[in-house]
Amino acid sequence: MGDAGVESTVSPPESTAQDSFFSMTDVFLISLITGLFTYWFFFRKKKEEIPDLPKIQTVSSPARDSSFIEKMKKTGRNIVVFYGSQTGTAEEFANRLSKDAHRYGLRGMAADPEEYDLSDLSRLSEIDKSLAVFCMATYGEGDPTDNAQDFYDWLQEADADLSGLRFAVFGLGNKTYEHFNAMGKYVDKRLEELGAQRIFELGLGDDDGNLEEDFITWREQFWPAVCEHFGVEATGEESSIRQYELVVHTDVNMNKVYTGEMGRLKSYENQKPPFDAKNPFLAVVTENRKLNEGGERHLMHLELDISNSKIRYESGDHVAVYPANDTSLVNQFGEILGTDLDTVMSLNNLDEESNKKHPFPCPTSYRTALTYYLDITNPPRTNVLYELAQYATDTGEQEQLRKMASSTAEGKALYLSWVVEARRNILAILQDMPSLRPPIDHLCELLPRLQARYYSIASSSKVHPNSIHICAVTVEYETKTGRLNKGVATNWLKNKVPNENGRNSLVPMYVRKSQFRLPFKPSTPVIMIGPGTGIAPFIGFIQERAWLKEQGKEVGETVLYYGCRHEQEDYLYRQELARFKQEGVLTQLNVAFSRDQAEKVYVQHLIKKNKEHIWKLVNDGNAHIYVCGDARNMARDVQNTFYEIVAEYGNMNQTQAVDYVKKLMTKGRYSLDVWS
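Only a predicted model underlies this, so the values are computations on that prediction, with no experimental measurement involved. (Residues numbered from 1 in each chain as written. Predicted model: local features only at pLDDT ≥ 70, side-chain atom pairs only at ≥ 80, totals over all residues. Heavy atoms only, no water.)

Let's shift gears to the sheet that holds strand β8 (residues 244–248). Ordered by their spatial adjacency, three strands build an open sheet running β8-β12-β13, and the pairing between neighbours is antiparallel. The strands lining the two open edges of the sheet, one partner per strand, are β8 and β13 (364–365). In this structure, β8 lies alongside strand β12 (residues 344–349), joined through five bridges in antiparallel fashion. Looking across to β12, one finds that tyrosine 244 is bridged to asparagine 349. (Pairing = 2+ DSSP bridges. Helix = DSSP H or I, 4+ residues; strand = E, 2+ residues; numbered from the N terminus.)

Printed below as a string of structure tokens:
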């Protein structure tokens, strides 16, 4: 680019009397150019030969251990279960399926597609009785999970012949989302298109219903299909097989013990960019204020300092934070199980060939594991109950645990009512079953990992380049058993007081990029719909539009539909929004107070009131529509309202109106950032 502005200049001959001089000069120049060209030619050839050396590409391959085929051959495995997992559930299901295999005289391994070369799928037929299973979660609006992105890209571009591959797919999704189980459906369809043989039907798990039951139901039909296909039989009942062995460290250098780091040891003491899921940045909390003026709930605005982190974000991105479990809950494990939580230990994988050496960073203490690494607040899945049943000394309690872990209709109903609907976490189960006292190391092996929580960023990097803002509501509710359950992350964030007792409050975080983006042209109108904490990304959007206006850019109409329960209680960012409206940045501010009158009023009702203006903005002004918040009800109701507006003002029937809105989505003009 730097050479683009350099002009070549040619000087005209000064007089014909200098012809002889120029001819001598010409000879000299030609000789010089020829010499330079010859030198360049040979130098260039040597330089070009370097990338063609075959060994260069193979140097890094062994480090990645990218051939799962070679690994399966080496370890005698014939079933590989790949997982696309964002929150750990798909990985957990993959581990359960790989452990199941031994019951049928087969050997399985769970595998992260990010760690292997998936083009090797065409070679799986080299292994006798081989099968590839895919547990694929869908993230966001029909997207692959982070660890399955490369696999998804490969599938889209691949022209491989997979005719020797036998496969099955179980998808994990949520029916409240527009693109339910898109990733599972795509993998199932695409593998068949590439010639692979499906040996069992696609399973579609719904997290809005009972994902665990969906998985169990699919699994109990999947294995008989595998047996029939390969001509094998179950060798016995499901049994408890430990995956990790406990090593207690009595004499250990504490500098080599993990204290909550997600990846590299001492990474919180010696921070090095780039920052991501395995290397979060410790951001200082500079502000934590309550947003609502009344009511029982606690809505808060936090500001995280990202100075000197080299972290970059855009309006609409998500910030992921790693929370910690409540200290009082952690202490109760030590009391109930009679364990010294400060014991330093490691859980080492019994399968020495596995890429996953430990279930969480080791060596560490039980206290650290239960505080930073393990999910102790969600109801445990049925496989955990099955494994724990052996430790219940009371036969009634043991039978109840085994029944809830079974695939019988009675067992499923009991699990649903006693665990899921009662919101019994593992601590509550230990409290309600006095004879159940498992070894703490086995409990730590069974519990899923504590996951990062994602929040829509409530700021613009144009205005706040060194700060990321979060808007959140604390989760707190009473269960059917009378217990008070609290959301892990929101209650942890609530207690992050800036500069408390002269000490910084720190939050491990990283940024996850999003497709939720303002239009490229500032002059394009935007319609933003975000009740409750769904307003978060729109605070960033409005800040950015205000900044663009200050820069002298032409900014299109900026319309906000916001909703809350009561005007005097939980009207979030009231002063900021009023100021934006007064300055003309926010051209329309429409607020629905759902419970300030006898009849409830929601954002979709206000949209209907302004339907003609909405239609003009969308159809004539090419406006972009953004919806953020609850997926189960609000997002669906808003979408139905748009169908009605399009049908009425576009003179279309229902089918045409739906198609019109779907095309807006395809073009990136109707964007969703929703959760259930």
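Another point: the UniProt feature "binding site: NADP(+)" (unreviewed entry) in the protein chain. In the numbering used here, UniProt assigns the feature "binding site: NADP(+)" (unreviewed entry) to Arg297, Thr533, Ser594, Arg595, Lys600, Val601, Tyr602, Val603, Gln604 and Asp637. Turning to its location among the elements, arginine 297 is positioned in the loop between β9 (281–290) and β10 (299–305). What arginine 297 contacts, discounting residues up to four positions off in sequence, is Lys290, Asn292, Val473, Arg565 and Asp570. Among the structural elements, lysine 600 can be located in the loop between β21 (588–593) and α19 (603–609). Since its relative accessible area comes to 44%, lysine 600 is described here as partly exposed. For lysine 600, the contacting residues outside a window of four places in its chain are Ser594, Arg595 and His605. (UniProt positions renumbered as here; feature names shortened; annotations may be inferred. Contact = heavy atoms within 4.5 Å. Buried < 20%, exposed > 50% of the residue type's maximum accessible area, 1.4 Å probe, protein only.)

Right, let's get into the packing of helix α12 (residues 395–404) against helix α13 (residues 409–421). Here α12 crosses α13 at 105°, and the two axes come no closer than 7 Å. The pairing of α12 with α13 is recorded here as roughly perpendicular in orientation. Packed against α12, whose contacting residues are Gln400, Lys403 and Met404, the element α13 presents Glu410, Gly411, Leu414, Tyr415, Trp418 and Val419 at the interface. A class-by-class count of the residues in the contact of α12 with α13 yields five nonpolar, two polar and two charged. (Axes fitted to C-alpha atoms, helices over the stretch in contact; angles between N-to-C directions. Parallel < 35°, antiparallel > 145°, perpendicular 65-115°, else oblique. Nonpolar A, V, L, I, M, F, W, Y, C, P; charged D, E, K, R; others polar.)

In this section: the sheet that holds strand β22 (residues 624–630). Taken in spatial order, the five strands of this open sheet run β21-β20-β19-β22-β23, and their pairing is parallel. Of all strands in the sheet, those with a lone pairing partner are β21 and β23 (670–675), marking the two edges. Strand after strand, the sheet turns through a mean of 10° between neighbouring axes, direction not considered. Pairing of strand β20 (residues 558–564) with β21, which is carried by six bridges, proceeds in the parallel orientation.

Moving on to the pattern of salt bridges. Enumeration over the complete set of coordinates arrives at 41 salt bridges. Between aspartate 317 and lysine 513 there is a salt bridge, and its shortest N-O distance comes to 3.3 Å. You can see aspartate 317 sitting in the loop between β10 and β11 (318–321) and its partner lysine 513 sitting in the loop between β18 (506–512) and β19 (526–529), a full 196 residues away along the chain. Given a relative accessible area of 46%, lysine 513 falls into the partly exposed group. Between glutamate 544 and lysine 462 there is a salt bridge, and its shortest N-O distance comes to 3.9 Å. Here lysine 462 lies in the loop between β14 (453–456) and β15 (467–473) and glutamate 544 lies in helix α17 (residues 536–550), a separation of 82 residues in the sequence. Among the ionic contacts, a cluster of salt bridges with common partners joins Glu70, Lys73, Asp120, Arg123 and Glu126. (Salt bridge = Lys/Arg side-chain N within 4 Å of Asp/Glu carboxyl O.)

Throughout the structure, instances matching the rule amount to 28 aromatic pairs. Judged by centre distance (5.6 Å) and plane angle (80°), the rings of phenylalanine 642 and tyrosine 670 are edge-to-face. A residue pair is termed long-range when its members are at least 10 positions apart, and phenylalanine 642 in helix α21 (residues 631–649) and tyrosine 670 in strand β23 qualify at 28 residues. Judged by relative accessible area, which is 3%, tyrosine 670 ranks as buried. An aromatic cluster is defined as three or more aromatic residues linked by ring pairs; in this entry it consists of Phe93, Tyr104, Phe170, Phe200, Phe215, Trp218, Phe222 and Trp223. Cation over ring: arginine 424 sits above tryptophan 418, and NZ or CZ is 3.9 Å from the ring centre. Of note, arginine 579 hangs over the ring of phenylalanine 580, and the distance from its end group to the ring centre comes to 5.0 Å. (Phe/Tyr/Trp six-rings, centres within 6.5 Å; stacked < 30°, edge-to-face > 60°. Lys NZ or Arg CZ within 6 Å of the ring centre and 35° of its normal.)

Another point: the environment of lysine 494. Its location among the elements puts lysine 494 in helix α16 (residues 488–494). We classify lysine 494 as partly exposed; its relative accessible area is 33%. In the structure, lysine 494 is positioned 205 residues away from arginine 289 in sequence and 9.0 Å away in space, judged by C-alpha atoms. For lysine 494, the residues in contact, after removing those within four places along its chain, are Asn288, His298, Met300 and Thr474.

Counting buried positions over the seven residues of β22 gives six, a clear majority of the element. Where β19 and β22 come together, four bridges link them in parallel fashion. Its bridge partner being in β22, valine 526 is matched across the sheet by histidine 624. Both β22 and β23 contribute to a ladder of six bridges, which runs parallel. By the bridge assignment for β23, aspartate 630 is matched with tryptophan 675.

Further remarks concern the side chain of lysine 496. Looking at where lysine 496 falls in the secondary structure, it is placed in the loop between α16 and β18. Not counting chain neighbours up to four residues away, the residues in contact with lysine 496 comprise Val285, Asn288, Ser505, Leu506 and Val507.

Moving on: the environment of alanine 160. As for its placement among the helices and strands, alanine 160 is situated in the loop between α6 (149–157) and β5 (166–173). Of the residues examined, alanine 160 reaches a relative accessible area of 23% and is grouped as partly exposed.

This next bit is on the packing of α21 against helix α22 (residues 654–666). In the contact formed by α21 and α22, the axes pass within 8 Å of each other and the chain directions differ by 115°. For the element pair α21 and α22, the recorded crossing hand is right-handed. Contacts between α21 and α22 involve Gln639, Phe642, Tyr643, Val646 and Ala647 from the first element and Gln654, Ala657, Val658, Tyr660, Val661, Lys662 and Met665 from the second. A breakdown of the residues in the contact of α21 with α22 according to their chemical character gives nine nonpolar, two polar and one charged. (Left-handed = near helix turned anticlockwise from the far one by under 90°.)

This brings us to the pairing of β19. Alternating positions in β19 separate into two faces, Val526 and Met528 on one and Ile527 and Ile529 on the other, with burial throughout. With four bridges connecting them, β19 and β20 associate as parallel partners. Looking at the pairing, isoleucine 527 lines up with valine 559 of β20. Crossover connection from β19 via α17 to parallel β20: handedness right-handed. (Right-handed = clockwise from strand over helix to strand, strands pointing away.)

Turning next to α21. When the terminal C-alpha atoms of α21 are compared, their 26 Å separation across 19 residues agrees well with the 27 Å that a helix rising 1.5 Å per residue should span. Those residues of α21 that sit buried are Ala631, Met634, Ala635, Val638, Gln639, Thr641, Phe642, Tyr643, Ile645, Val646 and Ala647. Packed against the buried residues of α21 are β19, α19, α20 (611–620), β22, α22 and β23. Measuring from the side-chain oxygen of the N-cap residue of α21 to the backbone nitrogen of arginine 632 gives 3.1 Å; that N-cap residue is aspartate 630. Positioned one or two residues after α21, asparagine 651 has a phi angle of 50°, which is positive. (Expected span 1.5 Å × (residues − 1). Polar contact = N/O pair within 3.5 Å; in protein donor to acceptor, adjacent residues only side chain to side chain.)

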